[in-house]
Amino acid sequence: MSLYGGVELPDRPDPENVRRLDLLPIPMVRKIMRYGWRIDPDHFRELSSRLTARMAELRSDITNEIPPEALDRFLEVTDGAEDDDEIAELPDQGFNVESSARIASLLYDTLGLHRTAGVKVKKTKGGDRFSTGKKTLEQLKLQHPVVSLILSYREHSKLESTYARALPRIARFHPKGKDCPECGRFHSTDEYRVHTQILTTRTATGRTASKKPNLGNIPVRSQLGAEIRAGFIASEGHKIVDRDWSQIELRLLAHLSRDPVLLEVYRNDGDVHETTAFGLFGSIESSSNPVARRICAKTCNFSIVYGTTEIGLYEQLCDSFSRVKVPYPDWLTEAGCKAKIDGWFDFYTGAKAYLDAEESKIRRYGIAWTQCGRVRRIPEVKSYHSHIQSAGVRQGNNHGIQGGSADLMRLALGELGDRFDLLREYGIETFPLMTIYDQILTEVPEDDAETVNAATEEIMDNVMVDRSTGMNLCRVPIRSDGKIMSHWVKE
DNA sequence: TTAGAACGCGCG
DNA sequence: AAAGCGCGCGTTCTAA
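Residues numbered from 1 in each chain as written. Chains lettered and ligands numbered in written order. Predicted model: local features only at pLDDT ≥ 70, side-chain atom pairs only at ≥ 80, totals over all residues. Heavy atoms only, no water.

### Focus: the domain arrangement of chain A
What the domain assignment lists for chain A is domain 1 (44-164) and domain 2 (250-371 + 380-401). Its C-alpha centre places domain 1 at a distance of 34 Å from the equivalent point of domain 2. Listed as interface residues are five residues of domain 1 and, on the opposing side, six residues of domain 2. Taken over both partners, the interface formed by domain 1 and domain 2 buries close to 460 Å², and the fraction arising from carbon and sulfur atoms is 42%. (Domains from an automatic or database assignment. Contact = heavy atoms within 4.5 Å. Buried area = accessible area lost by both parts, 1.4 Å probe.)

### A closer look at the nonpolar core
By size, the foremost hydrophobic cluster in this structure holds 60 residues, and its most contacted members are W245, L253, F321, W344, L408, V463 and I478. With nine residues, helix α18 (residues 386-425) is the largest single contributor of residues to this core. Discounting residues that sit within four places of it in the chain, F321 has contacts with A292, I295, C296, V326, Y328, P329 and L332. Of all hydrophobic cores here, the second largest spans 27 residues; its members include I32, I218, F232 and M434. (Core = buried A, V, L, I, M, F, W, Y, C linked by side-chain atoms within 4.5 Å. Buried < 20%, exposed > 50% of the residue type's maximum accessible area, 1.4 Å probe, protein only. Helix = DSSP H or I, 4+ residues; strand = E, 2+ residues; numbered from the N terminus.)

### Considerations on the sheet that holds strand β1 (residues 37-39)
As a general point, the strands of a sheet are linked pairwise by backbone hydrogen bonds and lie either parallel or antiparallel. Taken in spatial order, the three strands of this open sheet run β1-β3-β2, and their pairing is antiparallel. Strands with a single pairing partner mark the edges of an open sheet, and in this sheet they are β1 and β2 (172-174). When the angles between neighbouring strand axes are averaged without regard to direction, this sheet yields 50 degrees. Where β2 meets strand β3 (residues 191-194), three bridges bridge the pair, whose relative direction is antiparallel. Directly across from F173, in β3, lies its bridge partner Y192. (Pairing = 2+ DSSP bridges. Axes fitted to C-alpha atoms, helices over the stretch in contact; angles between N-to-C directions.)

### So, the pairing of strand β10 (residues 439-445)
Judged by how many residues are buried, β10 sits mostly within the fold: six of seven residues are covered. Note that strand β6 (residues 238-245) and β10 share seven bridges and pair antiparallel. Bridging from a neighbouring strand, H238 pairs with P445 of β10. Strand direction decides the pairing type here: strand β9 (residues 431-435) and β10, joined by four bridges, are antiparallel. When the sheet's bridge partners are listed, M434 is paired in β10 with L441.

### Thoughts on the protein's contact with DNA strand B
If you check the shell around DNA strand B, you find 25 residues, and the closest are K134, K158, V220, R221 and D438. Of all DNA strand B atoms lying within 4 Å of any protein atom, the proportion belonging to sugar or phosphate reaches 76%. R221 has a polar backbone atom sitting 2.7 Å from a phosphate oxygen of DNA strand B. Q402 places a side-chain nitrogen or oxygen 3.2 Å from a base nitrogen of DNA strand B. Here the surface near DNA strand B takes three residues from helix α8 (residues 145-164), the largest share from any one element. Its residues assigned to classes, the surface near DNA strand B comprises six nonpolar, 10 polar and nine charged. (Near = heavy atom within 4 Å. Polar contact = N/O pair within 3.5 Å; in protein donor to acceptor, adjacent residues only side chain to side chain. Nonpolar A, V, L, I, M, F, W, Y, C, P; charged D, E, K, R; others polar.)

### A closer look at the packing of helix α16 (residues 334-347) against helix α17 (residues 349-365)
Where α16 meets α17, the axes come as close as 5 Å, and the angle between the chain directions of the two elements is 95 degrees. Taken together, the axes of α16 and α17 are roughly perpendicular relative to one another. Touching W344, F345, D346 and F347 of α16 are T349, A351, K352 and L355, all from α17. Of the residues belonging to the contact of α16 with α17, the class tally is five nonpolar, one polar and two charged. (Parallel < 35°, antiparallel > 145°, perpendicular 65-115°, else oblique.)

### Structural notes on helix α5 (residues 100-110)
Burial analysis of α5 places eight of its 11 residues in the buried class, which makes it a mostly covered element. All of the buried residues along α5 are R102, I103, A104, S105, L106, L107, Y108 and T110. Looking at the buried positions of α5, the neighbouring elements they touch are α4 (68-76), α6 (113-116), α7 (134-140) and α8. Of the residues trailing α5, G112 is marked for its positive phi of about 65 degrees.

### Things to note about the side chain of S157
Within the secondary structure, S157 sits in helix α8. Ignoring anything within four residues of it in the chain, the contact list for S157 reads M55 and E98.

### A look at the pattern of salt bridges
By the definition in use, this model includes 29 salt bridges. One salt bridge connects R45 with D42, and the closest N-O pair in it is separated by 3.4 Å. In this pair, R45 and D42 are both assigned in helix α3 (residues 41-65), three residues apart and thus about one turn of the helix distant. D342 is the partner of K338 in a salt bridge, and the nearest nitrogen-oxygen pair spans 3.1 Å. Remark: D342 and K338 occur in helix α16; sequence separation between them is four residues, near one turn of the helix. Looking at K338, the relative accessible area reads 35%, which means it is partly exposed. (Salt bridge = Lys/Arg side-chain N within 4 Å of Asp/Glu carboxyl O.)

Now the structure itself:
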């Protein structure tokens, strides 16, 4: 029985429910940590040497881009980093590109890019010097060719040190045969697996956190990053079932806010990003740049809800556009972003009303809670500094959505654990690989992949259906996308 | 020598 | 005064 629109929500936290939520996923979490996830060490070793080689090239390209007299001037300057130890910069290798302080010295002291740039260059958090972060460098790209080279070097270096080099070292050996001493299962070949640690009571919002390795930040967005993911593989004769919720946080917002536009989109299985684009730009036929139009809408949907300002949205949009190599549209200014934010709230009036109502509750109680009753204290709203208060309100509103989706994930993991136990009685063995915020990955014998995919879908999509009464407690449908693969990338 | 802050950056 | 939230990790660099 569906009660879309007919359900009144409890307005107070339910501590019993939260305790249950914290315990529910534990059997699944323990399995994830015990079984681990197979990786291909040779893939990473090969990738690592490719990255290292490219880094050396980029290092010399960077030095070559600097005029000789400027380079001499730059290399003479010694800052605290340069003792007479190993860290000292070797003349034949150029300088230490890893050091943000050295990069700042190069870009600003030696080349003076902060003066030639049209925009105001940001300072670091401590305010000691000009920033060399990605967003700043993106803005300086056109000033000097060395900037893009530095960005490229950073990308390579990040992937090499954090993933390509680290993962094979962390992996444990699982010998072939039955009763593997590491995980107890049967392996038809020797394999290497990484065993992440999952922390279930650490984050402020109720999300789980993963470490050693952190499987929540394995690259995917860039071309190079996808090559890291390709090294995560399934056991011999097995497949990976990868299912992720579709826009779970926006659906939760639709549910909580009862925004009429959002409700309508999701109930009709519509395209929410296209709908936002329509609200911000008008019909697609009148658009000169449909690609930019959609990127903008998508970015707005994921940023504005959490209280981004025009400056933040501007930076975010620049990042989105450069990522997909779409030229910046002419309206992309801070003022233009202000207009988009206003337009977004004018279009989604119900969401606006919900966020405002939440804000007043958060300010009054100094507490934010999810629908399931997960509490987060927000003492900041009682601060005498208005910017601290605003940050607190943003955290609180974020908690309702991010924490709410974390609650759903815990519910789903609990249900899925029970379902997997049932499948085992029918001879289907499942090995949970990971849960990443809105995603559940499972390793399963090839022939059972479709079955497990369907079971996972059933659990995830009905996570807000009360199993004892059959009542649907969500005002919009919850949907997910599933993939069956042998590498952690599309086939 | 070691601990940890600062910076930067990967993901949802 | 800062400018969306939530994390973990690698490197540099400083302080003890």
